[in-house]
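Report on the structure
The primary structure of each chain is shown beneath.
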Amino acid sequence: MTAYIIRRLMQSAAVVLAMSVIVFLGLHVVGDPVYLLIDPQADQAEIERTIRRLGLDQPIWMQYFHFLKGALSGDLGKSFVHGTSALKLIVERMPATLEIAIAATLMAILLGIPLGLYAGLKPDSFASKSIMATSILGFSLPTFWVGIMMIMVFAVMLGWLPSTGRGPTATFLGITSSLFTIDGLRHITMPALNLALLKISLVIRLTRAGTREAIHQDYIKFARAKGIPTSRIVGVHLLKNIMIPVVTVLGLEFGSLIAFSVVTETIFAWPGMGKLLIDSIQTLDRPIIVAYLIIIVMLFVVINLIVDILYSILDPRVRIGEKSA
Amino acid sequence: MSLVKPLLASIVAAGLALSAPIPASAKELKMALSAEPSAMDPHFHNLTPNNALTSHVFERLVHFDEKQSLIPGLATSWKTIDEKTWEFKLRTGVKWHDGSLFTADDVIFTMERAPNVENSPGSFALYVRGKTFSKVDDFTVRVTTKEPYPLMPNDLATIAIISKKAATGAKTEDFNAGKAAIGTGPFKFSEFVKGDRYVVVRNDDYWGNKPVWSKVTIRPIKTGPARVAALLAGDVDVIEEVPTTDIARLQGDAKVSLGQGLSNRVIYFHIDHWRDETPFITANDGSKIKNPLKDVRVRKALSKAINRPAIVDRLMEKAAVPASQFLADGFFGVSKKLKPEAFDPDGAKKLLAEAGFPNGFKMTLHGPNGRYINDARMAEAVAQMFTRIGVETKVETMPPAVFFNRASQGAGGNPEFSFILVGWGSGTGEVSSPLKSLVATFDKTKGMGTANRGRYSNPVLDKVIDEALATVDDTKRGELLAKASEIAIEDVGVIVSHYQLNTWATRRGLKYVPRTDEYTIATSVSEQ
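Report follows, based on the coordinates. (Residues numbered from 1 in each chain as written. Chains lettered and ligands numbered in written order. Predicted model: local features only at pLDDT ≥ 70, side-chain atom pairs only at ≥ 80, totals over all residues. Heavy atoms only, no water.)

The next thing to look at is the overall build of chain B. For chain B, the count of helices and strands is 17 helices and 22 strands. On C-alpha atoms alone, chain B measures out to a radius of gyration of 26 Å, which is about the 24 Å that the 2.2 N^0.38 rule sets for 528 residues. Judged by the C-alpha coordinates and their principal axes, chain B covers about 95 × 65 × 40 Å. Considering chain B as a whole, with its 528 residues, one finds that 60% of them fall into the buried category. Taking as baseline every contact in chain B between residues at least 6 positions apart, the subset at least 24 positions apart corresponds to 67%. One way to put it: in chain B the 67 positive side-chain charges average out to a point 2 Å from where the 61 negative ones average out. (Helix = DSSP H or I, 4+ residues; strand = E, 2+ residues; numbered from the N terminus. Rg over C-alpha atoms; globule rule 2.2 N^0.38 Å. Buried < 20%, exposed > 50% of the residue type's maximum accessible area, 1.4 Å probe, protein only. Contact = heavy atoms within 4.5 Å. Lys, Arg positive; Asp, Glu negative; His and termini not counted. Charge placed at Lys NZ, Arg CZ, Asp CG, Glu CD.)

In structure tokens, the structure reads:
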């Protein structure tokens, strides 16, 4: 097991290295942000001074070498635009993104599983058909459009919820989050729901499919024959068995929620990492882009590792890393 | 009973009258910006959102009013001692937010720091370089230059004065944290949460007119529709850069009032003047031809082909004015003689035929996508207008970061494209800025023609610009600048299209006084 984990981590290091080379070269080909950043009235001397100051006068391999040297000591470079540590900028925005990802995942679980169960247990009822039809909309409507519609309806027309931004934060058990204030919750409702729509639909479909399959299996029939009440059959025996795929998918989706909540964060002006990434791409702020992608690659590596390890614990038939990784 | 009733009524009425207007001490204002300020350090990055944000807290020696005319700021008056020396008299009795007194030492300190901020992506060095600042007494500062320098007050209107006491040794982070963000301005620093919100509170000891607002919260909302929605939902009171597609709708909305005004930004086209064969122009059959844009008749024809009123009316939804030169009427140094080129497709075709292109040629128009209001749509519309006179024009737009790099130095350090759409905002609020940067001959050592992406070069024009830049007398300089504009426009050094109008929207009951420099500042918001 330990050897397996070490091997996996080394592989991830290789992935991070390769990714950083690709991003570096790619952004180098696209260009540099100097003309975008500098005062248009600036003369050549000033433009060249700025290029030197940002270190962009050196050959690309030199720049990469400097980056690697810094990265080994935990310094992923300074943002061109903000002038401060790229890593610090990302970490500062992480709580906002984490809280919206957590809220969205909770919504997916709390809405998706009961609705999916119902649709699986009573597949022919009108309500089930409505749930399934709506879930198709959840899959197919583009996030940005739904987001704008939600703002129009709930903020502009009805005035129930604030249209954009993050609410005030409060500290609870050492964690500072806007989830702990009423106004913060009002602010997070729409963006989290917007982000969760696709996941809710996904969970509904997974749960329904699992339910439909499990309901005809022998252990359910046996439990019925034994006279166990339906609520216990569904709540314990059925649910336990259909949860494995749902948990796996949600785990992976949680990673993508953190990494790619760009659209939702942009529409709702949510000050998270995704918005920072898209802003940085627009201004070719290479240090932030590279640092962000490194963090995301590591995040996925860790999530996958945890999922693999959990599998081996949950399911004794799975053996990790004896032959190949 | 008969007495009690009216008494009660009047008490209630009095109570209502008292409670109706919110007390002046507790008025909050929320504003949404279209871009994110990157620092509270006024010298970190010379960028519109940064300058607008920091000008709540910091002040300059000379201020721009909403039309970018110069008015006294921390200096009460300024004059030239001789051709190369300016003297600024400072305002006395001005207190920093920490209570200490503002003096000439702060000015000297500021000018030392401003050009040397660590990691600055675009510094103010340009406006400090070549000037020697010396203190005469506590409230008098002299500035000397090697050559006569008429733009001294304009340059000093860009540099925010910071406190020597509070900011000695301070880094940008110290300003963001508030420690060094001690200014003299109408508002005091309260909170800086990068990318989320920036909060300032009223400075009750302010030397000038005290602001109406006790607390101002500024938030970046980059997406246009989201900004409009935030205003309509009542989450913010003021938004800048209203998308042109929403202007008509908001005009009809009783909950909203609009403030629209001319900006200092002109949208124009650079033309390849320097290559004998230009990469993005071919004959109709695709073969190479000599650069037709070198012929003034072709340039004139292209200018005549542009239907400026239609662009203003339909594409820009009236949020623009047809342009005749680099800056609109009312700015210093504009020519009274120049009029917008009239739309004349037949005349354009005739000129093309005279120049030897009766059947036109093929061209690619390059432009940024997302830098100026409706820029990509604008490029498409103009390409169609060109195609109508026989110049078959393709459009290629790209993200600004890519575009400006290639348009400035894509061809081995030189401009890559043949014909580009760009814009120019005159930060100094007068015509020497575009003349010097856009149509003066490109010259690295002299620092001229830095943004001359068509490499236009006209020795006659250069001479007039040089003369204007060395003329301290305002009237004479104004005339020279006007003359230079006329030469550049009549020779079609660039083709100008329109001046942008900037649009702000506020909730009803508030009014935004539009600013030509595009700044969104709480002191420009008043109650109606």
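The next point concerns the interface of chain B and chain A. In this complex, chain B contributes 51 residues to the contact, which on the side of chain A involves 43 residues. On inspection of chain B and its partner chain A, the count reaches 5 salt bridges. Between Arg129 of chain B and Glu46 of chain A there is a salt bridge, with its nearest N and O atoms 3.5 Å apart. Where chain B touches chain A, the interface holds 16 residue pairs in polar contact (both at pLDDT 80 or more). Among the elements of the structure, helix 4 (125-128), strand 12 (215-220), helix 8 (224-232), helix 14 (400-409), strand 19 (419-425) and helix 15 (432-439) of chain B are those that each provide at least two residues to the side of chain B that touches chain A. A per-element tally of the side of chain B that touches chain A places helix 14 of chain B first, with 7 residues. A breakdown of the residues in the side of chain B that touches chain A according to their chemical character gives 21 nonpolar, 20 polar and 10 charged. (Salt bridge = Lys/Arg side-chain N within 4 Å of Asp/Glu carboxyl O. Polar contact = N/O pair within 3.5 Å; in protein donor to acceptor, adjacent residues only side chain to side chain. Nonpolar A, V, L, I, M, F, W, Y, C, P; charged D, E, K, R; others polar.)

Of the positions making up helix 3 (residues 44-53) of chain A, those classed as buried are Gln44, Glu46, Ile47, Thr50 and Ile51 of chain A. On an axial view of helix 3 of chain A, the arc spanned by its buried residues comes to 165°, and they lie on one face. Of the surrounding elements, those touching the buried residues of helix 3 of chain A are helix 2 (34-37) of chain A together with helix 4 of chain B. After helix 3 of chain A finishes, the residue Gly55 of chain A shows a positive phi value of roughly 75°. (Arc of directions from axis to C-beta.)

A separate point is the sheet that holds strand 8 (residues 140-145) of chain B. The strands making up a sheet associate through hydrogen bonds between their backbones, and the pairing can be parallel or antiparallel. All names here are of chain B. Taken in spatial order, the 4 strands make up an open sheet running 5-6-8-7, and their pairing is antiparallel. Because the sheet does not close on itself, it has two edges, and the strands there are strand 5 (75-82) and strand 7 (131-137). On average, each strand axis in the sheet is tilted by 25° relative to the strand beside it, whichever way the strands run. The pairing of strand 6 (residues 85-90) with strand 8 spans 5 bridges and is classified as antiparallel. (Pairing = 2+ DSSP bridges. Axes fitted to C-alpha atoms, helices over the stretch in contact; angles between N-to-C directions.)

All names here are of chain B. Across all of its chains, the model carries 18 aromatic pairs over all chains by this definition. Where Trp86 meets Phe88, the ring centres are 6.4 Å apart and the plane angle is 25°; that geometry is what we call stacked. With a relative accessible area of 0%, Phe88 lands in the buried category. Here the aromatic rings of Phe280 and Phe417 are separated by 5.8 Å at their centres, their planes lie at 55°, and the arrangement is tilted. Taken as a pair, Phe280 in the loop between strand 14 (256-271) and strand 15 (281-282) and Phe417 in the loop between helix 14 and strand 19 lie far apart in primary sequence, 137 residues in all. Residue Phe280 is classed as partly exposed on the basis of its relative accessible area, which comes to 22%. The structure contains a cluster of three or more aromatic residues connected by ring pairs, namely Phe280, Phe403, Phe404 and Phe417. (Phe/Tyr/Trp six-rings, centres within 6.5 Å; stacked < 30°, edge-to-face > 60°.)

Further remarks concern unusual backbone geometry. All names here are of chain B. In this structure, Glu317 is a non-glycine residue whose phi angle is positive, near 50°. The phi dihedral of Arg455 falls on the positive side, at around 55°, and the residue is not glycine. Turning to its location among the elements, Arg455 is positioned in the loop between helix 15 and helix 16 (459-469).

Residues and elements named next belong to chain B. Mapped onto the fold, Pro415 is located in the loop between helix 14 and strand 19. Judged by relative accessible area, Pro415 falls into the buried class, the value being 1%. In sequence terms Pro415 and Arg453 are 38 residues apart; their C-alpha atoms lie 5.7 Å from each other. Discounting chain neighbours no more than four positions away, the residues touching Pro415 are Trp274, Arg275, Arg406, Ala407, Ser408, Gln409, Arg453 and Arg455.

This part is about helix 3 (residues 104-113) of chain B. For helix 3 of chain B, a buried count of 8 out of 10 residues is recorded, marking the element as mostly surrounded by other parts of the structure. Buried within helix 3 of chain B are the following residues: Ala104, Asp106, Val107, Ile108, Phe109, Thr110, Met111 and Arg113 of chain B.

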